[in-house]
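Single-letter residue listing:
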Amino acid sequence: MRIGELAARAGASTRQVRFYEAKGLITSRRGANNYRDYSEATLGRVQQIRELLSAGLSTQVIAAILPCLESPRDPIVFEGVLPETTARLERERDRLTARIEVLTRNRDAVAAYLDELRRRSEQAERSG
């Protein structure tokens, strides 16, 4: 598929798709007309990249974990992984865990507020 179709289907802009390719997160083939041609699998990859970016991961971290997401192995072993990469991934995991905890607390607070609103509304209907 061409870049415009990929971008539209993934909910991205063509500029973002080019950026992901420039960062080495996705690849394309060039046709005889020199247009980029993307596989169907690239659509899922772009969606995955967008979700990871939305979660707050940097393109550097995404590049480091994409091999694991592409073809997980048991056990996962990747030659040449530097201790700095492992440390960065641990920091990202811890940051995401903290963010999840905050989001969970906020969700629970909103749910409790809604429950109380509904309870009071039902009381008002019964007494009114």
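Since the structure is predicted, the reported quantities are computational estimates derived from the model, not experimental observations. (Residues numbered from 1 in each chain as written. Predicted model: local features only at pLDDT ≥ 70, side-chain atom pairs only at ≥ 80, totals over all residues. Heavy atoms only, no water.)

Asks: Just to check I follow, could you spell out the pattern of salt bridges for this structure?
Replies: Pairing between side chains becomes possible if they bear opposite charge and their charged atoms approach one another. The full count for this structure, using the stated rule, is 10 salt bridges. The residue Arg-9 makes a salt bridge to Glu-40 at a minimum N-O spacing of 2.6 Å. One end of the pair, Arg-9, is in helix H1 (residues 3-10); the other, Glu-40, is in helix H3 (residues 40-54), with 31 residues separating them in the sequence. According to the relative accessible area criterion, Arg-9 is partly exposed, its value standing at 39%. The partner of Arg-36 in a salt bridge is Glu-21, and the shortest N-O contact between them spans 3.1 Å. Separated by 15 residues along the polypeptide, Arg-36 in strand S2 (residues 36-37) and Glu-21 in helix H2 (residues 14-22) bring together distant segments of the chain. A relative accessible area of 22% places Arg-36 in the partly exposed class. It is possible to trace a salt-bridge network through shared partners that takes in Glu-5, Arg-9 and Glu-40. (Salt bridge = Lys/Arg side-chain N within 4 Å of Asp/Glu carboxyl O. Helix = DSSP H or I, 4+ residues; strand = E, 2+ residues; numbered from the N terminus. Buried < 20%, exposed > 50% of the residue type's maximum accessible area, 1.4 Å probe, protein only.)

Such coordinate-based values are descriptive only and should not be taken to indicate function.
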